[in-house]
Amino acid sequence: MASLLTAADGRDRCAWVGDDAEYRRYHDEEWGRPLHGDRALFEKMALEGFQAGLSWITILRKRPRFREVFAGFDPAQVAAFGADDVERLMTDAGIIRNRAKIEATITNAALVRDMADGELDALMWSFAPQASGLRPRDLGEVPAVTAESTALSTALRARGFRFVGPTTMYALMQSAGMVDDHVAGCWRAA
């Protein structure tokens with residue numbers, strides 16, 4: 001697979017973007033940009049958990065509905081969800097209807113709600129590796145798991161978080177800008 005793709009706008013991008021306009025927007029405006037805030041990182045954690053076993057574009061296309069049915073990913077509101085909410089979500093074709101992932105999101109929301117303000121942000125960012133200044137030359141150099149994502153996963157699991165495995169946490173680290181895996185030559189790789 002090629003590592004770069006030149007789009008109609010003349011910009012070279014990481015090839016995983018393909019020719020999908022929403023993927024292009026996500027790549028250009030979100031992926032790899034530093035993201036802070038407990039609520040924003042809780043949303044990333046939840047969506048990355050729902051993505052496990054699926055493609056990210058599926059989640060990205062469903063994100064507006066996820067935000068709607070999960071109360072904008074407000075941890076206090078999601079933590080208050082009960083059995084009726086789980087059943088309601090299990091019938092909503094606009095999201096991924098996986099009971100374990102829905103229940104994990106509610107459990108994780110309660111854990112975030114019970115943390116001090118800014119604690120989730122500080123915890124997650126404490127595992128961000130020191131920027132090396134090196135950039136992957138091709139997509140084959142981009143790892144799926146790192147020592148840092150494994151350590152973050154372990155720390156979160158120790159607190160009771162679910163669907164936060166090392167691969168999922170590395171995807172979160174990429175999307176939240178804790179690491180920058182734009183390949184050399186990508187216009188965002190500045």
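So, here is what we can say about the structure in this document. In this text, all values refer to a predicted model and were calculated from it rather than measured experimentally.

## Some thoughts on the side chain of Asp181
As for its placement among the helices and strands, Asp181 is situated in the segment after helix H9 (166-175). One buried charge, Asp181, has no salt-bridge partner; the nearest side chain with opposite charge is Arg135, at 6.7 Å. At 2.6 Å, the side chain of Asp181 and the side chain of Tyr170 are in polar contact. Asp181 has contacts with Cys14, Trp31, Pro136, Val142, Pro143, Tyr170 and Gln174, leaving out every residue within four places of it along the chain.

## A short note on the nonpolar core
Membership of the largest hydrophobic core comes to 46 residues, with the highest contact counts inside it found for Met45, Phe66, Phe70, Leu120, Met124 and Leu156. In this structure, Leu120 is in contact with Asp38, Leu41, Phe42, Met45, Val112, Met115, Leu156 and Phe161, ignoring residues within four places of it in sequence.

## With respect to H9
For H9, a buried count of seven out of 10 residues is recorded, marking the element as mostly surrounded by other parts of the structure. Burial in H9 covers these residues: Thr168, Met169, Tyr170, Leu172, Met173, Gln174 and Ser175. Two residues or fewer after H9 comes Gly177, characterised by a positive phi angle close to 75 degrees.

## Overview of the state of the cysteines
The final tally for this structure, using the stated rule, is zero disulfides. Among the cysteines around Cys14, which has no disulfide bond, Cys186 carries the closest sulfur, lying 3.8 Å off. Given the relative accessible area of 3%, Cys186 is considered buried.

The rules behind these values
Residues numbered from 1 in each chain as written. Predicted model: local features only at pLDDT ≥ 70, side-chain atom pairs only at ≥ 80, totals over all residues. Heavy atoms only, no water. Helix = DSSP H or I, 4+ residues; strand = E, 2+ residues; numbered from the N terminus. Buried < 20%, exposed > 50% of the residue type's maximum accessible area, 1.4 Å probe, protein only. Lys, Arg positive; Asp, Glu negative; His and termini not counted. Salt bridge = Lys/Arg side-chain N within 4 Å of Asp/Glu carboxyl O. Polar contact = N/O pair within 3.5 Å; in protein donor to acceptor, adjacent residues only side chain to side chain. Contact = heavy atoms within 4.5 Å. Core = buried A, V, L, I, M, F, W, Y, C linked by side-chain atoms within 4.5 Å. Disulfide = S-S within 2.5 Å.

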